[in-house]
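Results of the structural survey
One-letter residues, chain by chain:
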Amino acid sequence: MKLESPDRPASRILAATAYIGLALIFIAVPATYYIAHLDENEAPAMAGTLASQTGWVAAATALACLTALLLFRVFALKRVRQIEDELRFRAEHDLLTGLLNRGSLRMRVAEACSRADRSGNAVAVMFVDLDDFKMVNDTMGHAAGDALLRDVATRLRETVRAG
């Protein structure tokens, strides 16, 4: 599975929020224009008060629109990054154990071998096999087998250094 580059979803969100911001401005500007140009004969009670406060209304409306737009962008981009991190983790790890999956392990071993060749160091890979694991699944059920795999993964993580 190929993940999208991190900037693509973010650019889509930024474009969408720009359209939302423009829509809010197109709503706010005509409304403040209407308030500013109320005829005193049409609405004598409202015209004087609203027309004298039009500048404040326009500024407050614009500020509210920009604030809402900025907050939407910040939270949307944060959520996009969280989703990308989760997708990357799911693509590289086994969801049951949290350990690297076969493809990621092959990549990391190949990188380690390349570094070892350049530096003249050695690389060691340990293979762990759970004898008669099929019997655990068959006799005790898959839930017990899953619990055993999670326990072995936890012990491996606690024992082997990271990297």
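In this report, we go over the structure that sits alongside the text.

Reading the values: rules and limits
Residues numbered from 1 in each chain as written. Predicted model: local features only at pLDDT ≥ 70, side-chain atom pairs only at ≥ 80, totals over all residues. Heavy atoms only, no water. Helix = DSSP H or I, 4+ residues; strand = E, 2+ residues; numbered from the N terminus. Contact = heavy atoms within 4.5 Å. Areas by Shrake-Rupley, 256 points an atom, 1.4 Å probe, with all protein chains shown as cover. Salt bridge = Lys/Arg side-chain N within 4 Å of Asp/Glu carboxyl O. Buried < 20%, exposed > 50% of the residue type's maximum accessible area, 1.4 Å probe, protein only. Expected span 1.5 Å × (residues − 1). Arc of directions from axis to C-beta. Axes fitted to C-alpha atoms, helices over the stretch in contact; angles between N-to-C directions. Parallel < 35°, antiparallel > 145°, perpendicular 65-115°, else oblique. Nonpolar A, V, L, I, M, F, W, Y, C, P; charged D, E, K, R; others polar. Patch = residues over 30% accessible without salt bridge, like charges linked within 9 Å, V, L, I, M, F, W, Y side chains within 5 Å.

1. Some words on the overall build of the chain
Helix and strand content of the chain: 6 helices and 0 strands. Across the chain, every contact between residues at least 6 apart in sequence was considered, and the portion connecting residues at least 24 apart equals 47%. Of the roughly 12,800 Å² of accessible surface on the chain, 62% is carried by carbon and sulfur atoms.

2. A short note on the pattern of salt bridges
Any two side chains of opposite charge can pair, given that their charged atoms come close. This structure, assessed with the given rule, holds 4 salt bridges. Between aspartate 151 and arginine 155 there is a salt bridge, with the nearest N and O atoms lying 3.3 Å from each other. On the criterion of helical spacing, the pair formed by aspartate 151 and arginine 155 is a turn pair, its members being 4 residues apart in helix H6 (residues 142–159). A residue is classified by how much of its surface remains accessible, and aspartate 151, at 35% relative accessible area, is partly exposed. When its relative accessible area of 53% is taken as the criterion, arginine 155 is described as exposed.

3. Let's talk about helix H4 (residues 102–119)
The terminal C-alpha atoms of H4, which comprises 18 residues, lie 26 Å apart, in line with the 26 Å expected from a rise of 1.5 Å per residue. Buried within H4 are the following residues: Ser104, Ala112 and Ala116. All buried residues of H4 fall inside an arc of 105 degrees around its axis, so they share one side. Residues of H4 that are exposed and point over 90 degrees away from its buried face: Arg102, Arg106, Asp117 and Arg118. Of the residues flanking the end of H4, it is glycine 120, one or two places downstream, whose phi is positive at about 80 degrees.

4. A closer look at the packing of helix H5 (residues 133–140) against H6
Two measures define how a pair of helices packs: the angle their axes make with one another and the distance between the axes. Closest axis-to-axis distance for the H5/H6 pair is 6 Å, and the angle between their directions is 140 degrees. With respect to their mutual orientation, H5 and H6 come out oblique. Contacts between H5 and H6 involve Phe133, Val136, Asn137 and Met140 on the former and, on the latter, His142, Ala144, Gly145, Leu148 and Leu149. Partitioned by chemical class, the residues of the contact of H5 with H6 number 6 nonpolar, 3 polar and no charged.

5. Let's talk about a nonpolar patch on the surface
Judged by side-chain polarity, Leu70, Leu71, Val74 and Phe75 come together as a nonpolar surface patch covering roughly 410 Å² of accessible area. The topology assignment puts valine 74 in helix H3 (residues 54–92).

6. Some thoughts on the environment of alanine 124
Inspection of the secondary structure puts alanine 124 in the loop between H4 and H5. Look at alanine 124 and you get exposed, because its relative accessible area is 76%. For alanine 124 and valine 109, which are 15 residues apart along the polypeptide, the C-alpha to C-alpha distance reads 9.2 Å.

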